[in-house]
Amino acid sequence: MLVVEDLVVAYGAVVALHGVSLEAKQGEIVTLIGANGAGKSTTLRAVSGMVAPRRGSVRLDGREVGGVPAHRLVRRGLAHVPEGRRIFTGLSVRENLELGAYTVRGRAEVAARLERVLALFPRLAERIAQSGGTLSGGEQQMLAIGRAMMARPRLLLLDEPSLGLAPLLVREIFREIARINREEGTTILLVEQNAHLALSTAHRGYVLETGRVALADAAPALLESPRVRAAYLGAT
Amino acid sequence: MWTLAAEFQFSWLWVAEVLVGVALYAMLAASLNLVTGFGGMFSLGHHGFFAVGAYAAGWMASLAASVEPGSAAGWAVFAASAVFAVAASAAAGLLVGLPCLRLRGDYLAIATLAFGEIVRIVIQNTPALGGSLELNVPRLVMRPRGLAEVESFRELFLVVGVAALAVVLVVIRNIVRSAHGRAVVSVREDEIASELLGVPTTRYKVRAFVLGAAFAGLAGWYYAHYTGSIAPANFDMLVGIKILLIVVLGGLGSLTGTVLAAAVLVGLERLLQSGVFGEDLKRWMQVEYALILILVMLLRPHGLLGRFELGDLFRRRARGGRAA
């Protein structure tokens, strides 16, 4: 579904990715873990079209999409939940979700998507008329994911969904992520600081270090890897 | 305390003059509100588009100086100059918008401010437009009728102004309420999030910017024909700031507020200028004006009406809650 090859991304003179290659197959949850500044978010940004790659290729369903603006990729089945959630705080939960269906044609289809997303996140249904800014952090994250799901993406990019959330809520969010993957068949590319939780949820994982892929393996294998345990899981 | 100066009279002529000013500034502020209030682009150069429209209309009219005022030909040139003014300022909007809309916030404000100054300086150095002196705009739409001329001319322009303002308001309202209206608002709320939801943000921004420029051009057309002579000094930075002030005062994203704020601000200015409250208050006018603005911003930080529209009173649709 998604194939990234030798991706180089630079912000001005600062090179953030030095040739990253990775892949996500239909129906998989793939996670990118790594320290701050390793290039996890940059990889997502290059995949979703927020930044143009300097070199290398990003292929979605076999078609090159490197450098295609982000708004066009939504129609090709890609959704990106950015770091910091970025919900519309001045708009209601319903308005937020309806904007997520910007690319969806037809009122009936939008209504059907809304119903589906509210079934995934019942807490959003309770808060449907509230403004986005009045939600708790966890609810805002649910809204951000739900909003992205309104377009029925085939590939969902999630950037740090656990950021700033209480541990209990983080587990709830990750259960929802696994459920979306299972029930909707959505392929998920997950960037996460919480390596243990990310590897427990994902099928496969990549470890990024200073803009390069340091390790790639099945998630359970990475969980057992001494190198990952020492560097990212806090084990000695 | 002051006493009302006895010699000042609220003649109909004076009231009509004030109302013409209200219509003009409401038009300018509504067009900027589309850009800033709904589109989230901070522009300090709106007076530049106002100037482009005014000079486009004025230049066209000056070519028709020999046309009999009030004749069919006069009216035709009057109408054609409106089209020309709108087209010229829309083209200027596109020219400025395409490169500048990549800039954000403060940088866009600086770039648009520079544009406004460039327009003024170009006009100052263009002899065909009168240079730094006045460009006379011949009257096209009034037959001289002796002493009643001034009054009937002003009344005519009051009607023209109200009609032009109505067009501007209806078009902007329809855009904001349209199926894509919410997308425009989403761009203001969070451009990156909108882009990631599939909203072509640049296209929306350019469209709103160009349309805002076009309407400022229409205001320029109105102004040029009304005053009968325009000079670069009529389009300096203070005008741009005054337009922005009206938008902020009325509430970013409220057209009703824009019209109300234009009425309050222009009315207040003219009242203080008129000397009706005596010479002392007239002398301190600029200070009072500033003080009132500071007070309003302290008491109503979201503008007089926030995002409220007159229509909200009559509409009781079940709607998602919105922060006040």
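Read on for a plain summary of the structure. (Residues numbered from 1 in each chain as written. Chains lettered and ligands numbered in written order. Predicted model: local features only at pLDDT ≥ 70, side-chain atom pairs only at ≥ 80, totals over all residues. Heavy atoms only, no water.)

## Considering the overall build of chain B
Turning to step 1, where the next piece is worked out: In terms of helices and strands, chain B carries twelve helices and two strands.
Turning to step 2, where the next piece is worked out: Starting at the N terminus and ending at the C terminus, chain B contains elements arranged as α-α-α-α-β-α-α-α-α-β-α-α-α-α.
Turning to step 3, where the next piece is worked out: Within the span of chain B, comprising 324 residues, buried residues form 52% of the whole.
Turning to step 4, where the next piece is worked out: Long-range pairs, those at least 24 residues apart, make up 81% of the contacts in chain B between residues at least 6 apart in sequence.
Turning to step 5, where the next piece is worked out: Element-wise, carbon and sulfur atoms account for 68% of the exposed surface of chain B, whose accessible area totals about 15200 Å². (Helix = DSSP H or I, 4+ residues; strand = E, 2+ residues; numbered from the N terminus. Buried < 20%, exposed > 50% of the residue type's maximum accessible area, 1.4 Å probe, protein only. Contact = heavy atoms within 4.5 Å. Areas by Shrake-Rupley, 256 points an atom, 1.4 Å probe, with all protein chains shown as cover.)

## Comments concerning helix α7 (residues 167–184) of chain A
Residue and element names in this part refer to chain A.
Turning to step 1, where the next piece is worked out: Spanning 18 residues, α7 covers 25 Å between terminal C-alpha atoms, matching the ideal 26 Å at 1.5 Å per step.
Turning to step 2, where the next piece is worked out: Taken together, the buried positions of α7 are L169, V170, I173, F174, E176, I177, I180 and N181. Taken down its axis, α7 places every buried residue within 155° of arc, on the same side. Projecting away from the buried face of α7 at angles above 90 degrees are the exposed residues P167, L168, R175 and R182.
Turning to step 3, where the next piece is worked out: Downstream of α7 by one or two residues, G185 has phi in the positive range, about 70°. (Expected span 1.5 Å × (residues − 1). Arc of directions from axis to C-beta.)

## Remarks on the nonpolar core
Considering soluble globular proteins, one finds that nonpolar side chains tend to be buried as a cluster.
Turning to step 1, where the next piece is worked out: Within the largest apolar cluster, 96 residues are counted, with the highest numbers of intra-cluster contacts made by Y25, W221, Y222 and I230 of chain B.
Turning to step 2, where the next piece is worked out: Among all residues touching I230 of chain B, those that are not within four sequence positions of it are A54, Y55, L133, E134, L135, V137, Y223, A224 and F235 of chain B.
Turning to step 3, where the next piece is worked out: In this structure, A101, V110, L124 and I180 of chain A belong to the second largest nonpolar core, which totals 46 residues. (Core = buried A, V, L, I, M, F, W, Y, C linked by side-chain atoms within 4.5 Å.)

## Here's the deal with unusual backbone geometry
Residues and elements named next belong to chain A.
Turning to step 1, where the next piece is worked out: A positive phi angle, near 50°, is found at D61, a position not held by glycine.
Turning to step 2, where the next piece is worked out: Residue placement: D61 occurs in the loop between β4 (55–60) and β5 (63–64).
Turning to step 3, where the next piece is worked out: Accessibility expressed as a relative area gives 41% for D61, which makes it partly exposed.
Turning to step 4, where the next piece is worked out: A positive phi angle, close to 70°, is found at R85, a residue other than glycine.

## Observations concerning the packing of aromatic side chains
Turning to step 1, where the next piece is worked out: Under the defined criterion, the tally for this structure stands at 14 aromatic pairs over all chains.
Turning to step 2, where the next piece is worked out: Ring plane angle 70° and centroid distance 5.0 Å describe the contact between F50 of chain B and F235 of chain B, whose orientation is recorded as edge-to-face. Of the two residues, F50 of chain B is situated in helix α2 (residues 46–63) and F235 of chain B in the loop between β2 (229–230) and α9 (237–250); the sequence distance between them amounts to 185 residues.
Turning to step 3, where the next piece is worked out: Feature note: the residues W75, F78, F153, F157, W221, Y222 and Y226 of chain B constitute an aromatic cluster, connected by ring pairs.
Turning to step 4, where the next piece is worked out: The residue whose ring lies beneath R147 of chain A is F88 of chain A, and the NZ or CZ to ring-centre distance is 4.9 Å.
Turning to step 5, where the next piece is worked out: The ring of Y25 of chain B carries the charged tip of K242 of chain B above its face, separated from the ring centre by 4.1 Å. (Phe/Tyr/Trp six-rings, centres within 6.5 Å; stacked < 30°, edge-to-face > 60°. Lys NZ or Arg CZ within 6 Å of the ring centre and 35° of its normal.)

## What to know about the packing of helix α4 (residues 107–120) of chain A against α7 of chain A
All names here are of chain A.
Turning to step 1, where the next piece is worked out: Interaxial distance between α4 and α7 falls to 11 Å at its minimum, and their mutual angle equals 135°. Classified by the angle between their axes, α4 and α7 sit oblique to one another. Residue-level inspection shows R113, R116, A119 and L120 of α4 in contact with α7, the latter providing E176, R179, I180, E183 and E184. (Axes fitted to C-alpha atoms, helices over the stretch in contact; angles between N-to-C directions. Parallel < 35°, antiparallel > 145°, perpendicular 65-115°, else oblique.)

## Remarks on the packing of helix α6 (residues 181–189) of chain B against helix α8 (residues 201–227) of chain B
All names here are of chain B.
Turning to step 1, where the next piece is worked out: It is the contact of α6 with α8, at a shortest axis distance of 10 Å, that shows an interaxial angle of 100°. With respect to α8, the axis of α6 lies roughly perpendicular. Of α8, the residues touching α6 (which contributes A183, V184 and V187) are T201, Y204 and K205.

## Thoughts on the interface of chain B and chain A
Turning to step 1, where the next piece is worked out: At the interface, 21 residues of chain B touch 24 residues of chain A.
Turning to step 2, where the next piece is worked out: The contact between chain B and chain A buries some 2100 Å² in all, and 60% of this surface belongs to carbon and sulfur atoms.
Turning to step 3, where the next piece is worked out: If you sort the residues of chain B by the area they bury against chain A, R182, L196 and L197 of chain B come out on top, with a joint share of 33%.
Turning to step 4, where the next piece is worked out: Across the contact surface, chain B and chain A share one salt bridge.
Turning to step 5, where the next piece is worked out: Of the charged contacts in the structure, one is a salt bridge between R86 of chain A and D190 of chain B, with a shortest N-O distance of 2.9 Å.
Turning to step 6, where the next piece is worked out: Of all the elements in the fold, those that place two or more residues in the side of chain B that touches chain A are α6 and α7 (191–196) of chain B.
Turning to step 7, where the next piece is worked out: Considered class by class, the residues forming the side of chain B that touches chain A number ten nonpolar, six polar and five charged. (Buried area = accessible area lost by both parts, 1.4 Å probe. Salt bridge = Lys/Arg side-chain N within 4 Å of Asp/Glu carboxyl O. Nonpolar A, V, L, I, M, F, W, Y, C, P; charged D, E, K, R; others polar.)

## Regarding the sheet that holds strand β7 (residues 155–159) of chain A
All names here are of chain A.
Turning to step 1, where the next piece is worked out: Read from one edge of the open sheet, six strands run β6-β7-β8-β3-β9-β10, paired in mixed fashion. Strands at the two margins of the open sheet, each flanked by one partner only, are β6 (78–81) and β10 (212–218). The mean angle between the axes of side-by-side strands here comes to 15°, regardless of whether they run parallel or antiparallel.
Turning to step 2, where the next piece is worked out: Pairing analysis gives five bridges linking strand β3 (residues 29–34) to strand β9 (residues 204–209), with the strands arranged parallel. In the strand pairing of β9, G34 is matched with L208.
Turning to step 3, where the next piece is worked out: Against the sheet, helix α6 (residues 137–149) touches β6 and β7, its axis set at about 165° to β6. (Pairing = 2+ DSSP bridges.)

## Regarding a nonpolar patch on the surface
Turning to step 1, where the next piece is worked out: On the surface, a cluster of nonpolar side chains totalling about 770 Å² of accessible area is made up of W284, V287, L291, I294, L295, L298 and L299 of chain B.
Turning to step 2, where the next piece is worked out: Its location among the elements puts L299 of chain B in helix α12 (residues 285–299). (Patch = residues over 30% accessible without salt bridge, like charges linked within 9 Å, V, L, I, M, F, W, Y side chains within 5 Å.)

## What to know about the pattern of salt bridges
Turning to step 1, where the next piece is worked out: One pass over the structure, following the stated rule, counts 22 salt bridges over all chains.
Turning to step 2, where the next piece is worked out: Salt-bridge contacts for E5 of chain A lead to R59 of chain A; the nearest nitrogen and oxygen are separated by 3.4 Å. Taken together, the positions of E5 of chain A in strand β1 (residues 2–11) and R59 of chain A in strand β4 put the pair 54 residues apart, joining distant regions of the chain.
Turning to step 3, where the next piece is worked out: Residue classification places E5 of chain A among the partly exposed residues on the basis of a relative accessible area of 39%.
Turning to step 4, where the next piece is worked out: Take R59 of chain A: its relative accessible area is 26%, and that puts it in the partly exposed class.
Turning to step 5, where the next piece is worked out: Of the charged contacts, one joins R270 of chain B and E17 of chain B as a salt bridge, the two residues approaching to 3.9 Å between their closest N and O atoms. In this pair, R270 of chain B sits in helix α10 (residues 255–274) while E17 of chain B sits in helix α1 (residues 12–38), placing the two residues 253 residues apart along the sequence.
Turning to step 6, where the next piece is worked out: Judged by relative accessible area, which is 25%, E17 of chain B ranks as partly exposed.
Turning to step 7, where the next piece is worked out: Sharing partners across several salt bridges, the network here consists of R113, R116, E176, R179, E183 and E184 of chain A.

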